[in-house]
Amino acid sequence: MNGLKDTVCYLANYYGDKQYLKDTAEVDKKGNFTFEGNSNLEGGIYLIVLPKNKYFEAIITNEQNFSMETDTGDFVSNMKIKNSTENTVFYEYLQYVHVKGKQVEDLKKNLKTDSVNVTNQLIAIDKEVSEYRKIFMEKHKGSFVTKVFKASNEITIPENPNPKDSNYAYHYYRNHYFDNIDWTDDN
């Protein structure tokens with residue numbers, strides 16, 4: 001971790017809407033640190049928490065011996081990963097979204113002076129990101145990252161075939177609530 005030395009960082013995992021500490025690592029004078037344990041971690045999305053509550057995320061699956069290199073100035077843009085397909089895929093997506101996020105920030109600065117044009121550009125960026133996500137998920141079908149994205153998608157309720165059935169949307173939503181979750185993946 002460029003920009004970090006002689007300190008401590010933490011590994012935490014998400015569980016519901018909370019984060020829980022899993023491990024601690026000492027950062028040496030060159031910014032190196034390692035999380036090690038006697039048993040494998042459960043799969044999921046983990047946080048590497050640095051001083052001043054800065055953090056970045058890592059995907060943990062059966063690939064548990066990997067390395068990540070970045071710097072404190074911009075975790076996402078400077079991320080380099082070795083021996084983890086899942087994290088490589090994850091940061092490919094994050095880096096694209098990061099660039100689009102910067103474009104959105106720049107556009108929002110002009111929102112008051114040119115609201116119509118800026119709004120149209122923001123809508124266009126949103127469509128680009130949405131299309132990129134679809135293509136990304138197709139390209140990386142079966143990856144943990146894609147399964148997480150798919151699980152977080154809203155259920156699309158089709159048009160009601162029977163207008164007299166006022167509970168159609170409710171019943172459809174209830175019956176298809178878990179459709180996007182891969183129950184075979186224990187991560």
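Check the entry above for the structure.
Residues numbered from 1 in each chain as written. Predicted model: local features only at pLDDT ≥ 70, side-chain atom pairs only at ≥ 80, totals over all residues. Heavy atoms only, no water.

K.L.:
Requested: an account of the nonpolar core, with residues and values cited.
P.N.:
Core analysis: the biggest nonpolar cluster contains 27 residues, and Leu50, Phe56, Tyr91, Phe136 and Val145 have the highest contact counts within it. For this core, the elements supplying multiple residues, two or more each, are β1 (7-15), β2 (18-27), β3 (44-49), β4 (55-60), α1 (85-108), α2 (115-139) and α3 (144-152). The residues touching Val145, leaving out its near neighbours within four places in the chain, are Ile59, Glu86, Val89, Phe90 and Phe136. One finds Leu107, Val118, Ile125 and Val129 within the second-largest nonpolar core, a separate group that totals 5 residues. (Core = buried A, V, L, I, M, F, W, Y, C linked by side-chain atoms within 4.5 Å. Buried < 20%, exposed > 50% of the residue type's maximum accessible area, 1.4 Å probe, protein only. Helix = DSSP H or I, 4+ residues; strand = E, 2+ residues; numbered from the N terminus. Contact = heavy atoms within 4.5 Å.)

K.L.:
So what about the pattern of salt bridges? Which residues, and what values?
P.N.:
On inspection of all chains with the given rule, the structure shows 6 salt bridges. The residue Asp17 makes a salt bridge to Lys18 at a minimum N-O spacing of 3.7 Å. As a salt-bridge pair, Lys139 and Glu92 come within 3.5 Å of each other at their nearest N and O atoms. Note that Lys139 is positioned in helix α2 and Glu92 in helix α1, a separation of 47 residues in sequence. (Salt bridge = Lys/Arg side-chain N within 4 Å of Asp/Glu carboxyl O.)

K.L.:
Tell me about the environment of Glu128, and please be specific about residues and values.
P.N.:
Tracing the backbone through its elements, the reader meets Glu128 in helix α2. Sequence separation between Glu128 and Asn13 is 115 residues, and the spatial gap between their C-alpha atoms is 31 Å. Leave out the neighbours within four places in its chain, and Glu128 touches Tyr96 and Lys100.

K.L.:
I'd like to hear about the side chain of Lys100, residue by residue, with values.
P.N.:
With respect to the secondary-structure elements, Lys100 resides in helix α1. Under the relative-accessibility criterion, Lys100 is labelled buried at 12%. Discounting residues that sit within four places of it in the chain, Lys100 has contacts with Ile125, Glu128 and Val129.

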